[in-house]
Amino acid sequence: MAAVFTLAGCNNSQNSADDSNSAANETTETATAATEEVLRIGTEGAYAPFNYTNADGTLGGFDVDMANALCDDMQVTCEITAQDWDGIIPGLKAGKYDAIVAAMSVTPEREQQVAFTDPYFSNTLVFLAKKDSSFEPSNSDDINAHSIAAQRSTISSQWLENTYPKANMKLYDTLSNAFLDLGSGRVDAMISDKLPALEWLSSPTGSNYVLKGDEIDINDNFAIAVRPNDEALQAKINQSLANLKANGTYDKINQKYFAVPAASNSIVTDATLENTEQPVVDSTAQ
């Protein structure tokens, strides 16, 4: 009997030790999960090739690859959320995400609402119209005489409105919808950032269109937006941006999407962008 009780006592002690170790492991795992850093990023998901929504609902594009590379360098987990353009800054201010990586131009008006990191891309504007169109953007009378599409609340629409206040502007919530009306002939021309324009010109619908006039250099730089009081995150992102440029990661991402720039007034063919990744844009984003 004594031997039995002794054995039972040993078994109970072992069970207690096992339970203690299991509880300790669970506590450690919980603490690790709780301390894991997550960077929440907002993007538009409708501005190819910078950001777009694939047919399976996943997000892709230059901005998305940049965001993931930044998270890897910062050793944090990326959570990327799609947000309509008009609500993207309000979403940041409301705490829906921590940063915006969405081909956002640095402007004085936006600097009153958000804090920007160092620039990560320089942009120019272009006009598009049908190949056989007489539209000539160097002629202000031509601009005022034609209907011109642009995405609302972008540097493109703001520049056109400020430079040609008499222009017949047609504003759209998304760039995709602006391209849709241009391709359907519901507007005569369009103003856009250069690279999304080149992306569209390489599509079947865009094959009947060309860039018109010269590129418009307005010293437009894309940067990442954070909340004004988040200087620590701003500094971390700036450091990681510098790291990505120094270690070659930025160049690899840039080459993936923008390997071959096309000149103004050129007809963009499949060969022009043969080294550029072509996204499959979700039809719901049109």
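Scroll up a little and you will see the structure.
Now for a description of the structure that goes with this document. From a predicted model like this one, the values you see are computed outputs, not experimental measurements.

Conventions used here
- Residues numbered from 1 in each chain as written.
- Predicted model: local features only at pLDDT ≥ 70, side-chain atom pairs only at ≥ 80, totals over all residues.
- Heavy atoms only, no water.
- Disulfide = S-S within 2.5 Å.
- Buried < 20%, exposed > 50% of the residue type's maximum accessible area, 1.4 Å probe, protein only.
- Core = buried A, V, L, I, M, F, W, Y, C linked by side-chain atoms within 4.5 Å.
- Helix = DSSP H or I, 4+ residues; strand = E, 2+ residues; numbered from the N terminus.
- Contact = heavy atoms within 4.5 Å.
- Expected span 1.5 Å × (residues − 1).
- Pairing = 2+ DSSP bridges.
- Polar contact = N/O pair within 3.5 Å; in protein donor to acceptor, adjacent residues only side chain to side chain.

### Remarks on the state of the cysteines
Under the counting rule described, the total for this entry stands at one disulfide. Shown here is the disulfide that connects Cys71 with Cys78, its sulfur atoms set 2.0 Å apart. The sign of the S-S torsion, about 75 degrees, decides the handedness of the disulfide formed by Cys71 and Cys78: right-handed. Overall, the relative accessible area of 1% leaves Cys71 in the buried class.

### A look at the nonpolar core
One recurring pattern in soluble globular proteins: nonpolar side chains tend to sit buried together. Core analysis: the biggest nonpolar cluster contains 48 residues, and Phe50, Phe62, Tyr120, Phe121, Leu128, Met190 and Ile237 have the highest contact counts within it. Among the secondary structure elements, those contributing two or more residues to this core are strand 1 (38-43), helix 2 (62-74), strand 8 (121-130), helix 7 (175-183), helix 8 (194-201), strand 12 (209-222), helix 9 (231-246) and helix 10 (249-258). Looking at this core, the element that brings in the most residues is helix 2, giving seven residues. Leave out the neighbours within four places in its chain, and Phe121 touches Phe50, Phe62, Leu195, Asp220, Asn221, Phe222, Tyr250, Asn254 and Phe258. Within the second largest apolar cluster, 16 residues are counted, among which are Leu160, Ala189, Ile191 and Ile216.

### Let's talk about helix 2
The terminal C-alpha atoms of helix 2 lie 18 Å apart, and with 13 residues this matches the ideal 18 Å at 1.5 Å per residue to within 8%. By the burial criterion, the buried members of helix 2 are Phe62, Asp63, Val64, Met66, Ala67, Ala69, Leu70, Cys71 and Met74. Gln75 lies just past helix 2 and shows a positive phi near 60 degrees.

### Overview of the sheet that holds strand 4 (residues 59-60)
Taken in spatial order, the three strands line up as 2-3-4 in an open sheet, and their pairing is antiparallel. Edge strands, defined here as strands with exactly one partner in the open sheet, are strand 2 (46-47) and strand 4. In this sheet, strand 3 (residues 51-53) lies alongside strand 2 in antiparallel orientation, the contact comprising two bridges. By the bridge assignment, Tyr47 is partnered in strand 3 with Asn51.

### Description of the environment of Lys256
The topology assignment puts Lys256 in helix 10. The exposure class assigned to Lys256 is partly exposed, which follows from its relative accessible area of 32%. Taking C-alpha positions, Lys256 is 8.3 Å from Phe62, a pair spaced 194 residues apart along the chain.

### What to know about the side chain of Gln83
In this structure, Gln83 sits in the loop between strand 5 (77-82) and helix 3 (88-93). Among the polar contacts made by the side chain of Gln83, one reaches the side chain of Lys96 at a distance of 2.7 Å. Discounting chain neighbours no more than four positions away, the residues touching Gln83 are Thr43, Glu44, Ile88, Lys96 and Tyr97.

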